[in-house]
Amino acid sequence: MAVEVKELLEAGVHFGHLTRKWDPNMAPYVYMERNGIHIINLYKTAAKIEEAGKALSKIANSGRKILFVATKKQAKDIVAEKAGAINMPYITERWPGGMLTNFVTIRKAVKKMASIDRMKKDGTFMTLSKKERLQVDRLRAKLEKNLGSISDMTRLPGALFVVDIKREHIAIKEAQKLNIPIFAMVDTNSDPRQVDYVIPANDDASKSIDKILTHVTNAITEGLSERKAEKEASKAENDAPKAKAKKEAVVAAVSSEEEE
């Protein structure tokens, strides 16, 4: 689906930061300056959304996960809702250091959550003292808050999608270290050279974040739908010879009975 410049304009995607706070590397994406604020070129934003969308769709189609990262207040709820709706992992609380570079340790913490849940199901939890149960509950709540949204991520993600690369600089550095492709909303105060797929946009207003995330998650949904359709087509293709052989066997058995 083509991205309309008008809808980006209405969502306030074009508002950058104060000119004195800008990063000169964002110059190619700046249209003009108005009242001391940089205005982003929305035609370039629309083109970049489509480019990023195609790449994200391919990653989703390959079966890899896309990890969304946004810990700023304006973005947290939007990212949790949009990423959760398409079953993609997300971090909206504090970024756990080593989340990517020390993924094995993070997985152990996620498994700890699962083991606590098992304790509650099999009755082991109730054999603990009241104080121990309270400690375990607190640990479970803390793990859920920080890592609950990535519990289904069993391996490193195929890509990172970030809102505000200045704020999420630790996540950016970890992804760079592991050569994980980085997609991001990049405002005029940030350095776009840190990102593989730049979407120049206002990363402070919730309307702007919501608009970009809607396009991004729609593209991922397309990739997931294509993957599902390909799987079903492949299954039907594999099942066809079996069905044919079964049918032939039934026909042969009927013919044999009639001859007798």
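The model shown is predicted, which means the values in this text are computed figures rather than measured ones.

> How should the environment of serine 206 be read in this particular structure?
Along the chain, the position of serine 206 falls in helix H7 (residues 206–259). C-alpha separation for the pair serine 206 and asparagine 41, spaced 165 residues apart in sequence, amounts to 19 Å. Contact partners of serine 206, with chain neighbours within four places excluded, come to Gln74 and Ile78.

> Explain helix H6 (residues 169–177) here, please?
Turn by turn, an α-helix covers 3.6 residues, leaving residues three or four places apart pointing in a common direction. Considered for burial, the residues of H6 that qualify are Ala171, Ile172, Glu174 and Ala175. Summarising the axial view, the buried residues of H6 lie within an arc of 165°, below the 170-degree limit, and thus occupy one face. Residues of H6 that are exposed and point over 90 degrees away from its buried face: Lys173 and Lys177. Asparagine 179 sits one or two residues past H6 and shows a positive phi near 55°.

> Mind showing me how you'd approach the nonpolar core here?
The tendency in soluble globular proteins is for nonpolar side chains to be buried as a group. Ile66, Phe68, Phe161, Val163, Ile212, Leu213 and Ile220 are the most contacted members of the largest nonpolar core, which totals 34 residues. Looking at this core, the elements that each hand over two or more residues are helix H2 (42–61), strand E4 (66–69), helix H3 (73–85), strand E6 (159–163), strand E7 (182–186) and H7. If you tally residues by element for this core, the top one is H2, at eight residues. In this structure, isoleucine 66 is in contact with Leu56, Ile59, Ala60, Met88, Pro89, Ala159, Phe161 and Ile220, ignoring residues within four places of it in sequence. If you look at the next biggest cluster of nonpolar residues, it comprises 28 residues, including Met26, Leu100, Ala171 and Ile180.

About the cut-offs
Residues numbered from 1 in each chain as written. Predicted model: local features only at pLDDT ≥ 70, side-chain atom pairs only at ≥ 80, totals over all residues. Heavy atoms only, no water. Helix = DSSP H or I, 4+ residues; strand = E, 2+ residues; numbered from the N terminus. Contact = heavy atoms within 4.5 Å. Buried < 20%, exposed > 50% of the residue type's maximum accessible area, 1.4 Å probe, protein only. Arc of directions from axis to C-beta. Core = buried A, V, L, I, M, F, W, Y, C linked by side-chain atoms within 4.5 Å.

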